[in-house]
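Structure assessment
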Amino acid sequence: MIATYTRRELMVVAAAREIRDGEIVFVGMRLPLLGFGLAKATHAPDAVGLFENGVIRDRPAEAFIYTMGDPPNIAGAVACLGLNDVMSLLQQGRVDVGFIGGAEIDPLGNLNTTRTSGSGSLVRLPGSGGGGDIASLAGRTVLIMEHEPRRFRERVDYITSPGHFPGRRRGGPATLITTLGVFDLSSGRVRAVTLHPGVTPEQVRQATGFPLAIDEGIDATAPPSTDELAYIRKADPDGFWTGDTMKAG
Amino acid sequence: MIATYTRRELMVVAAAREIRDGEIVFVGMRLPLLGFGLAKATHAPDAVGLFENGVIRDRPAEAFIYTMGDPPNIAGAVACLGLNDVMSLLQQGRVDVGFIGGAEIDPLGNLNTTRTSGSGSLVRLPGSGGGGDIASLAGRTVLIMEHEPRRFRERVDYITSPGHFPGRRRGGPATLITTLGVFDLSSGRVRAVTLHPGVTPEQVRQATGFPLAIDEGIDATAPPSTDELAYIRKADPDGFWTGDTMKAG
Amino acid sequence: MAFDQLIAAGNVAKVIAAWVGNVAGGSGYGFRRAYEQGVPRRIVMEDHSNFTVGLALKAAAMGLPYLPTFTGIGGDIVRGHPHIRPVDDPFGGPSLLAVAAVKPDVAIVHVQRADVQGNAHLWGNLGLTVEAAYAARRTIVTCEEIVPEAVIRSDPNRTVIPGFLVTAVVEEPGGALPSSVQGYWRRDFEPFLRYHRDSRTLDGFQAWLREWVLDLPDRQAYLRHMGDAAAERLRVRDRRLAAAANFAP
Amino acid sequence: MAFDQLIAAGNVAKVIAAWVGNVAGGSGYGFRRAYEQGVPRRIVMEDHSNFTVGLALKAAAMGLPYLPTFTGIGGDIVRGHPHIRPVDDPFGGPSLLAVAAVKPDVAIVHVQRADVQGNAHLWGNLGLTVEAAYAARRTIVTCEEIVPEAVIRSDPNRTVIPGFLVTAVVEEPGGALPSSVQGYWRRDFEPFLRYHRDSRTLDGFQAWLREWVLDLPDRQAYLRHMGDAAAERLRVRDRRLAAAANFAP
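Keep in mind it's a predicted model, so treat the numbers as computed, not measured. (Residues numbered from 1 in each chain as written. Chains lettered and ligands numbered in written order. Predicted model: local features only at pLDDT ≥ 70, side-chain atom pairs only at ≥ 80, totals over all residues. Heavy atoms only, no water.)

Along its length, chain A carries seven helices and 14 strands. Rg of the C-alpha trace for chain A: 17 Å, near the compact-globule value of 18 Å for 249 residues, within the 12% margin. Along the longest, intermediate and shortest principal axes, the C-alpha atoms of chain A span 45 × 45 × 35 Å. In chain A, which comprises 249 residues, the proportion classed as buried is 65%. Put simply, 67% of the contacts in chain A that link residues at least 6 apart link residues at least 24 apart. Of the roughly 8700 Å² of accessible surface on chain A, 51% is carried by carbon and sulfur atoms. (Helix = DSSP H or I, 4+ residues; strand = E, 2+ residues; numbered from the N terminus. Rg over C-alpha atoms; globule rule 2.2 N^0.38 Å. Buried < 20%, exposed > 50% of the residue type's maximum accessible area, 1.4 Å probe, protein only. Contact = heavy atoms within 4.5 Å. Areas by Shrake-Rupley, 256 points an atom, 1.4 Å probe, with all protein chains shown as cover.)

With that settled, consider the pattern of salt bridges. Under the criterion given, the structure shown has 57 salt bridges over all chains. With a shortest N-O distance of 3.4 Å, R205 of chain A and E216 of chain A are connected by a salt bridge. Of this pair, R205 of chain A sits in helix α6 (residues 201-206) while E216 of chain A sits in the loop between α6 and β14 (219-220), and the two are 11 residues apart along the sequence. Across the pair R59 of chain B and E149 of chain C runs a salt bridge whose closest N-O atoms are separated by 2.9 Å. With R59 of chain B in the loop between β3 (55-57) and α3 (71-74) and E149 of chain C in helix α5 (residues 149-153), this residue pair bridges two chains. Of the residues examined, R59 of chain B reaches a relative accessible area of 37% and is grouped as partly exposed. Residue classification places E149 of chain C among the partly exposed residues on the basis of a relative accessible area of 27%. Overlapping salt bridges bring together D58 and R59 of chain A together with E149 and R153 of chain D as one network. (Salt bridge = Lys/Arg side-chain N within 4 Å of Asp/Glu carboxyl O.)

V39 of chain C connects to P40 of chain C through a cis peptide bond whose omega is -5°. Despite not being glycine, R30 of chain B has its phi angle at roughly 60°, a positive value. Mapping R30 of chain B onto the fold places it in the loop between β1 (24-26) and α2 (31-41).

This brings us to the interface of chain C and chain D. With 48 residues of chain C in contact, the opposing surface of chain D contributes 48 residues. Of the roughly 4300 Å² buried between chain C and chain D, counting both surfaces, carbon and sulfur atoms make up 60%. It is Y66, F91 and N246 of chain C that lose the most area in chain C upon contact with chain D, and together they represent 17% of the buried surface on that side. Put simply, chain C and chain D have two salt bridges between them. Its salt-bridge partner being R158 of chain D, residue D155 of chain C comes within 2.9 Å of it at the nearest N-O pair. (Buried area = accessible area lost by both parts, 1.4 Å probe.)

The full count for this structure, using the stated rule, is zero disulfides over all chains. Note on C80 of chain A: no disulfide assigned, nearest cysteine sulfur contributed by C80 of chain B at a separation of 19 Å. Relative accessible area serves as the criterion here: at 2%, C80 of chain A is assigned to the buried category. Cysteine C143 of chain C remains unbridged, with the sulfur of C80 of chain A as its closest cysteine sulfur at 19 Å. The class for C143 of chain C is buried, based on a relative accessible area of 0%. (Disulfide = S-S within 2.5 Å.)

With an axial shift of 0.0 Å and an RMSD of 0.0 Å, the rotation relating chain C to chain D amounts to 180°. Look at the turn and shift together and you get a two-fold axis relating the two. Nearest to the rotation axis, the C-alpha of L67 of chain C is located 3.5 Å from it, this being the minimum over chain C. A high fraction, 100%, of the interface residues of chain C reappear at the interface in chain D, so the copies pair face to face through one surface. (Least-squares fit on C-alpha atoms with pLDDT ≥ 70 in both.)

On to the packing of aromatic side chains. All names here are of chain B. By the definition in use, this model includes 32 aromatic pairs over all chains. Measuring from centroid to centroid gives 4.9 Å for F64 and W241, while their planes differ by 35°, and the two rings are tilted. Placement of F64 in the loop between β3 and α3 and of W241 in the segment after α7 (226-235) is noted, with a sequence separation of 177 residues between them. Taking the relative accessible area as the measure of exposure, F64 reaches 27% and is therefore partly exposed. (Phe/Tyr/Trp six-rings, centres within 6.5 Å; stacked < 30°, edge-to-face > 60°.)

Before going further, it helps to spend a moment on the sheet that holds strand β1 (residues 24-26) of chain A. Residue and element names in this part refer to chain A. Ordered by their spatial adjacency, 10 strands build an open sheet running β4-β3-β2-β1-β5-β10-β11-β12-β13-β14, and the pairing between neighbours is mixed. The outermost strands of the open sheet, each flanked by one partner alone, are β4 (79-80) and β14. In terms of strand pairing, strand β2 (residues 48-50) meets strand β3 (residues 55-57) through two bridges, oriented antiparallel. Residue G49 lies in a different strand from β3, and its bridge partner there is R57. (Pairing = 2+ DSSP bridges.)

Bringing the interface of chain C and chain A into the picture now. At the interface, 43 residues of chain C touch 44 residues of chain A. Between chain C and chain A, a total of about 3600 Å² is buried, with carbon and sulfur atoms accounting for 55% of that surface. Viewed at the interface, chain A and chain C are joined by three salt bridges. For D47 of chain C, the salt bridge goes to R124 of chain A, with nearest N and O atoms at 2.7 Å.

Moving on, we come to the nonpolar core. If you look at the biggest cluster of nonpolar residues, it comprises 136 residues, and the most contacted ones within it are L50, I56 and L176 of chain A together with L50, I56 and L176 of chain B. Non-local contacts of L50 of chain A, meaning those with residues more than four positions away in its chain, are made with I24, V25, F26, V27, V55, I56, V86, L89 and V95 of chain A together with F164 of chain D. (Core = buried A, V, L, I, M, F, W, Y, C linked by side-chain atoms within 4.5 Å.)

Here we come to helix α3 (residues 50-61) of chain C. Residues lying three or four places apart along an α-helix face the same way, a consequence of the helix completing one turn every 3.6 residues. All names here are of chain C. With 12 residues, α3 ought to run about 16 Å at 1.5 Å a step, and its terminal C-alpha atoms sit 16 Å apart, in line with that. Among the 12 residues that make up α3, 12 are buried, leaving the element largely enclosed by the rest of the structure. Among the residues of α3, N50, F51, T52, V53, G54, L55, A56, L57, K58, A59, A60 and A61 are the ones counted as buried. Taken from the residues just after α3, G63 is the one with a positive phi, measuring 75°. (Expected span 1.5 Å × (residues − 1).)

Here we come to helix α4 (residues 83-92) of chain A. Residue and element names in this part refer to chain A. A large share of α4 lies buried, amounting to nine of its 10 residues. Within the sequence span of α4, burial applies to L83, N84, V86, M87, S88, L89, L90, Q91 and Q92. Looking one or two residues past α4, G93 carries a phi angle of roughly 95°, positive in sign.

Residues and elements named next belong to chain B. Of all the six residues making up strand β11 (residues 173-178), six are buried; the element is thus mostly covered by neighbouring parts of the structure. Pairing of strand β10 (residues 140-145) with β11 involves five bridges; the strand directions are parallel. Following the sheet pairing, T141 is matched in β11 by P173. Once β11 ends, the chain turns through two residues before running back antiparallel as strand β12 (residues 181-184).

Another aspect to go through is the side chain of H81 of chain D. Residue and element names in this part refer to chain D. Inspection of the secondary structure assignment puts H81 in the loop between β5 (66-69) and β6 (84-87). The buried category is assigned to H81, whose relative accessible area is 7%. A polar side-chain atom of H81 sits 2.9 Å from the main-chain amide nitrogen of H83. From its side chain, H81 meets the backbone nitrogen of I84 in a polar contact 3.3 Å long. Setting aside anything within four residues of it in sequence, one finds H81 in contact with E46, D47 and H48. (Polar contact = N/O pair within 3.5 Å; in protein donor to acceptor, adjacent residues only side chain to side chain.)

Residue and element names in this part refer to chain C. Spatial strand order, β5-β7-β6: three strands in an open sheet with antiparallel pairing. In the strand order of this sheet, the two ends are held by β5 (66-69) and β6 (84-87), each with one partner. The sheet shows a mean angle of 30° between the axes of neighbouring strands, taken without regard to direction. Pairing of β5 with strand β7 (residues 96-100) involves four bridges; the strand directions are antiparallel. (Axes fitted to C-alpha atoms, helices over the stretch in contact; angles between N-to-C directions.)

As structure tokens, this is what we get:
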């Protein structure tokens, strides 16, 4: 029997599934962090997580953390280096997969987290953080997005985290996980793989500001198992990240 | 009353006199290390010493050390960083004065510690170590040499540690301390300042393989005080560095 | 969040950063008002990624005009950036980007302990603290405790900032609040939420500024205003000590 | 000295180094025989300074083809060097030199303790150990002690090599002898003098090689051959522990 779950919980599960055992993972906060912990607890016990502030962990923090610099993320880490040290490992090509969120995306997987006039007036977003670096240097990237028409644009106003482009040296977006489905980008352009249970192709097309081919018989995203849900709810007991309202950007 | 002393002991005293209070000093092993300790114990209590292996000390090691990586040089250090860290400080221009030894020198203060055919057949020397870096990047350098004709050459076979040259960005040789005297290089060319007690200008000219102007009335190098000697003999009790036989290169 | 506060207070003419926001909530409203509407004043924004900021500081820390990197290629951060330019690999490999050094006038870094010379022990989250301390023209170290020299010298590998780089050292317990200090203070999450809420409007920000900055003459006043209960809750009383490291020579 | 031994034994085709000799005596006779006379075989020598070697390894550790520097300008090390070339500062400053990355096939580093994953705690003398471990294709960690994971995790800032960079970890107490290991072993000075004396002739070297390498099947045999008295004299029994650092969250 499958318990009820939120879309964010399903997204965490989808994120976890992107991590293979033994991989070196550049972990972000929020859903990717939970996904990393879930992967470690299930199919990828030997995965190692790098945080852009220099922390390296092979298991999640013992207590809830709001930021990667919070003391529980340091205590019990295998290493606590500097930002340039982990970025150097990323630049060396030692990182298999990295997670990035964005405010806007285009069909090539370009992400914008810098500024947009998409809604008419200029809106300033926080900026790249480590996103642009992960997009440039990881072996592959997994993108995580709210699926809304204003966010899925034919062209983004600003490419903060580069997607696929000619002459790319390494990596690029592999998978996109949204509030509506899971999409493949490894061929260079967004392609639907599964839609979340209850989501129709029409819904997705309407929420996507660029043409998107979706097979009518497309599979549904496999729902979380009870074990997976139990893990997530222990890790995020108040639903700070996995409740109904996801924080933007 | 002045006790008897060796030439090396006098060289240590001369080296110490090159360090001003509060300066950041790139310290070598052997005589410069003793000179640093002596300066700290006398006129330069606030000098700080950097070692190329990453050690930073503001007082000499408590026990005799053969190499800068020896445990007594680590214990009680103010910092123990990596080689690139202290070299970065050197490249930043934070180091006021550095000491370098050489096997051969020319009138511009170029030092050779790499290879020479000066005696007829090819002789391979150990190489630069940090010498070339100190010569390039310190605010000024103090050179320490055995004073022998085969070592003082019109042109050295190989410039391991650059002396004065047109377009130099920073620093350059300031002082040369030899077994026979103290020489100034700040004008760009070797000039005698003092000869060690008992040394004649003729002796120095014969030991120098290039023309060297020496005033007949040149001063004698001020001999070590009893306190200075006491310090040196406590720091090098077996005369490992300050006995009669100085190690080459 | 500190960036946002300085910007909102009108103290900032130019921002060089990879990310400006609030780790709790995303957007920085003060930053957005300044960037989008020029309120209270127009700011110049120079966008970076985490790694390009890290390299800019590292370049200055190394005494170099720039460092090369592969990050950012194909994105808009580096396109037309005044301080990031394409460079060839002189050894014939693929092109890179050169990130120009950033040399702050002042760096203020908070550490656990330092001696009166400014030799600073820091552990836990490092980020870019060390690079900033090396890169800046003047570095001010604030610390939880001024400790005897012997404490620092007992562990020279923990001294990440040598005192001769430090202009001033200040004993200011809780000086990093509401951020955490490993082993001393937990993150105070409430002020992040409060600031995010209050700073949404200009009036709200002004009230916040009055209450939490202008009306508090010093850090002790901040701690009192925070309240004893909060201080008690945030202060770390547990001990999870680093395993012994023997420095005996 | 290790370089000299490998060269003298005929195991080396090419040397990339800043300094090859014996910290006790200066010249490395094995190196000189190979370089000057091609005995037992000719070697190719690529001279560096300490900083250019450090930058070459750091470049590889950062995943870069080169790093720029101001060291060496005006000297012969960089003149015509196959892996050091002039580069312009793209921001219009004075010219620099580019030092090409050196990526060793294998790095072997000795540390105080590591866990079974290879997460390594190292303290005391760092030199270029960390850069080498990052730069190499394969890194082998030898250590005084394999310790439980919890020891490493108690002090993540002491973990200078994350385990995922490590190919193999070997518990080999005394594995760095005759060199020192802070807190574990003092430098054994006698073998440096002995090697310097014995290696002066090819026959002397061969006898040394037989006695100290070929006839000793492993490190334990080396320790036995060294003698109990020496081992006892070299082993550090004192304790000078690092001041406590609290990692409690």
